[in-house]
Amino acid sequence: MEVLHISAECFPVAKVGGLADVVGALPKYQNNLGVSAKVIMPFYLNKFTKNRKFDLLFQGSLALGDKNYTFQILNLKIKLGFPLFLVKIPELLYRENVYGYDDDTERFLAFQIAVLDWVLQNKKKPDLVHFHDHHTGFIPFLMSHAKKYKVLKEIPTVLTIHNAQYQGQFEYDKLHLIPGFDKKHIGLLDWSGQINPLATAIKCAWKITTVSPSYLVELSQHANGLENLLAHEKQKSLGVLNGIDTKVWNPETDNMLKKNYALTNVQSGKKFNKKLLCKQFNLDPEKPLFSFIGRLVYEKGADLFPEAFYKTLLKHDINILVLGSGNLETESQLKTLTTTFSDKYNVYIGYNEELAHQIYAASDFLLMPSRVEPCGLNQMYALRYGTIPIVRSIGGLKDTVIDIDDEGGFGICHDLVSVEDIIYSIGRAVEFYKDQKEFKKVRRNCMKIDHSWDKSAKEYLSLYKSLIN
Ligand code: ADP
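Residues numbered from 1 in each chain as written. Predicted model: local features only at pLDDT ≥ 70, side-chain atom pairs only at ≥ 80, totals over all residues. Heavy atoms only, no water.

K.L.:
Please provide a residue-by-residue account of the side chain of Lys287, values included.
P.N.:
Along the chain, the position of Lys287 falls in the loop between helix H8 (266-280) and strand S12 (289-296). Here Asp317 takes part through its side chain, which lies 3.5 Å from a polar atom of the side chain of Lys287. Not counting chain neighbours up to four residues away, the residues in contact with Lys287 comprise Lys274, Asp317, Ile318, Asn319, Asp364 and Tyr433. (Helix = DSSP H or I, 4+ residues; strand = E, 2+ residues; numbered from the N terminus. Polar contact = N/O pair within 3.5 Å; in protein donor to acceptor, adjacent residues only side chain to side chain. Contact = heavy atoms within 4.5 Å.)

Structure below.
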């Protein structure tokens, strides 16, 4: 069975968040199950692509409205565990960032057209197309209704929603950019008077998955305007919990750590990593270390951090370390806090993969007070590195973290999102940390939890099989 994943991100080539981690890991695990899983993504101008070799597989040209663009399909020479193809469109995709440009609509439309042009001319077609989030949302519509791609309409399509907050909507003045289709299907493009790629994907995909079972349930209440549509398409929707790549995320072999460790030497291993990290950020290795890694946005509850951290640091003798970027006001408030608490708090504004690994290894607790969390991978990385997650029970966090006061518990959970909830949960963690015997036992239990892709890859396989038959 040949499956083509279409995505805007894929680790280690280009990563903004969890989407990259999923698309960079799931195909590997699928290949272990005998699926022939491949990935196609845009060719960006970044550190990874600069230093790599590629084979040219195909050259073509595509029309976007009245503009023409030439494109190439390249094949990455080194092995990632699955074949990786990249779409190079110099004027549109070959840029430093993945998202955030005024012409993102044109960029990702051109990407999708190039992918389908390439699939169309390949003799061997995929048995199934698995596409991810709104950047690839027109794929099933084009395969079924665009005149040019009609021969692809029998190929099953699966949409995975990693985050329904972002939908890629745009106005009808760009309708002419979409390749010719029978206008009686125009309603499939529409949601609330705009063209909405995520809504189109939800309507047209053969099956929909969300990245955790709880997120699927929550989407019928909160989906940034798509609640009714998702409720309507419930019959073809399924929640499949994300896994993690346990080869990339393994404290025993992780070459981004200063000292590797396993279950047998977790205490000394984490202690060593903590000491180095605390030195780097002027923190005290003798005190518990609480960290946050992620986008500093409302969804993650980051706007509450400045007040919550200020009050907590006055009250408790702990360290707090933040790695992330996002909302400029939150960034600035978090930076200001370093002047008040220079020896117990620090922040690194930016994206730093290596530092993220070191923080998972060195921390005692990881904070995730998310308002919305489709799955969340950070808590699973934290567990694997023996770091206790403190989470708001929502979405994937609800599906993966059990409170220490409940049977078999290993995390600290709160139901609501507020400054008080964050402070209260940190207070619970401070108390818990005092009982070092219990703390170390729970830490070891965290490391034993298996969140690898093995199980979920099997779930995807049975979903694919049900469609291919
Ligand atoms: P998101 O909603 O951002 O996709 P996820 O929890 O699904 O959240 O995935 C976040 C991924 O991005 C994790 O691999 C996390 O370690 C990584 N990450 C987030 N922010 C940063 C950062 N500033 N530096 C390094 N890695 C980061």
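K.L.:
Give a detailed account of a positive patch on the surface, specifying residues and quantitative values.
P.N.:
Together, Lys271, Lys275, Lys440, Arg444 and Lys448 make up a region of like positive charge exposed at the surface. Every element with two or more residues in the positive patch is listed here: H8 and helix H15 (436-448). Positionally, Lys271 belongs in helix H8. With a relative accessible area of 59%, Lys271 lands in the exposed category. (Patch = residues over 30% accessible without salt bridge, like charges linked within 9 Å, V, L, I, M, F, W, Y side chains within 5 Å. Areas by Shrake-Rupley, 256 points an atom, 1.4 Å probe, with all protein chains shown as cover. Salt bridge = Lys/Arg side-chain N within 4 Å of Asp/Glu carboxyl O. Lys, Arg positive; Asp, Glu negative; His and termini not counted. Charge placed at Lys NZ, Arg CZ, Asp CG, Glu CD. Buried < 20%, exposed > 50% of the residue type's maximum accessible area, 1.4 Å probe, protein only.)

K.L.:
Could you give me a rundown of the packing of aromatic side chains, with the residues and numbers involved?
P.N.:
Taken as a whole, this structure holds 22 aromatic pairs when the rule is applied. A centroid spacing of 5.9 Å and a plane angle of 45° characterise the contact between Tyr99 and Phe108, whose relative ring orientation is tilted. When its relative accessible area of 24% is taken as the criterion, Tyr99 is described as partly exposed. In this structure Phe108 comes out as buried when scored by relative accessible area, which is 5%. A network of ring pairs unites the aromatic residues Phe290, Phe365, Phe432, Tyr433 and Phe439 as a single cluster. The positively charged end of Arg95 is found above the aromatic ring belonging to Tyr101, 4.8 Å away from the centroid. In this structure, Lys259 is placed above the aromatic ring of Phe272, and the distance from its NZ or CZ to the ring centre is 5.8 Å. (Phe/Tyr/Trp six-rings, centres within 6.5 Å; stacked < 30°, edge-to-face > 60°. Lys NZ or Arg CZ within 6 Å of the ring centre and 35° of its normal.)

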